[in-house]
Amino acid sequence: MIRFDRVAKRYANGHVGLHELSVHVRRGEFLFVTGHSGAGKSTMMRLLLAMERPTAGKLLLAGQDLGKIRNSQIPFLRRQIGVVFQNHQLLFDRSVFENVALPLHILGLSREEINARVSLALERVSLRDKAMQPPSDLSTGQQQRVGIARAIVHQPALLLADEPTGNLDPKLAAEIMAVFEDINRLGTTVIIASHDLALIARMRHRMLTLQRGRLIADGEAV
């Protein structure tokens, strides 16, 4: 589904975000990306979202060359991708349901389709009974689940999460990771950037380790 072929990213100030990264991610895979701050994790995410373009090499997503994608094609590309943020970025003046529904309103779906998809997304993160509550009434872990529901409500083929458990205690972090595994079992490709090596090791999925933009390990966490 995703292929980095000797992908490099160099910025105008001389900083190298990635150095000749070659990685293949299969459709339906669950993958962690780890490394210290500045290792290149966020650069990978931004390249996959076409927020930035490779300086060299080729990056393919579902057969589409992201180095050559036209700006007009980027909104359609991002419809295939869901994104979960560390701070979940919820709107606290709207209900849980309204937060999750936002991407569907942007797509212009009918009210009936929006209701059905939001209900399904909230059910997948065990929050269907919280639909009409404001996010401020929820725990931190529940708020992160709302962020996940919003990321999957448009049924993306790829789910990206950047440090999604960074603000959570170990118990809540494990619960959130279990939600990601449930989503993955339904066929969604999941890529999570995280520095929590202990949590990653317990989950026993493939892990890429980056260091100063270079891939230094690729295999199951031990």
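See the structure above.
If you're wondering where the values come from, they're calculated on a predicted model, not measured in any experiment. (Residues numbered from 1 in each chain as written. Predicted model: local features only at pLDDT ≥ 70, side-chain atom pairs only at ≥ 80, totals over all residues. Heavy atoms only, no water.)

**Q** It is not clear to me how the sheet that holds strand S2 (residues 16-25) should be interpreted in this structure. Could you clarify?
**A** Adjacent strands of a sheet form backbone hydrogen bonds with each other and so pair up, either parallel or antiparallel. Across the sheet, four strands lie side by side as S2-S1-S4-S5; this open sheet has antiparallel pairing. The sheet terminates laterally at S2 and strand S5 (64-65), the two strands that pair on one side only. One ladder, built from two bridges, connects strand S4 (residues 56-61) with S5; its direction is antiparallel. Considered in S5, the bridge of Leu61 is made with Gln64. Across the sheet, helix H1 (residues 41-48) touches strand S1 (2-10), S2 and S4, and the angle it forms with S1 is around 115 degrees. (Pairing = 2+ DSSP bridges. Helix = DSSP H or I, 4+ residues; strand = E, 2+ residues; numbered from the N terminus. Contact = heavy atoms within 4.5 Å. Axes fitted to C-alpha atoms, helices over the stretch in contact; angles between N-to-C directions.)

**Q** Please explain helix H5 (residues 140-152) as it appears in this structure.
**A** Residues lying three or four places apart along an α-helix face the same way, a consequence of the helix completing one turn every 3.6 residues. Its 13 residues give H5 an end-to-end C-alpha distance of 19 Å, which sits within 8% of 18 Å, the value for a rise of 1.5 Å per residue. With 11 of its 13 residues buried, H5 lies for the most part within the structure. (Expected span 1.5 Å × (residues − 1). Buried < 20%, exposed > 50% of the residue type's maximum accessible area, 1.4 Å probe, protein only.)

**Q** Would you mind going over the nonpolar core with me for this structure?
**A** One recurring pattern in soluble globular proteins is that nonpolar side chains are buried together. Core analysis: the largest hydrophobic core is formed by 38 residues, its most contacted members being Val100, Val118 and Phe180. Contributing elements (two or more residues each) for this core: strand S3 (30-34), helix H3 (96-107), helix H4 (111-124), H5, strand S7 (158-162), helix H6 (170-185), strand S8 (189-193) and helix H7 (197-203). Per-element accounting of this core gives the leading share, six residues, to H6. Of all hydrophobic cores here, the second largest spans 30 residues; its members include Val25, Ala39, Ile81 and Leu160. (Core = buried A, V, L, I, M, F, W, Y, C linked by side-chain atoms within 4.5 Å.)

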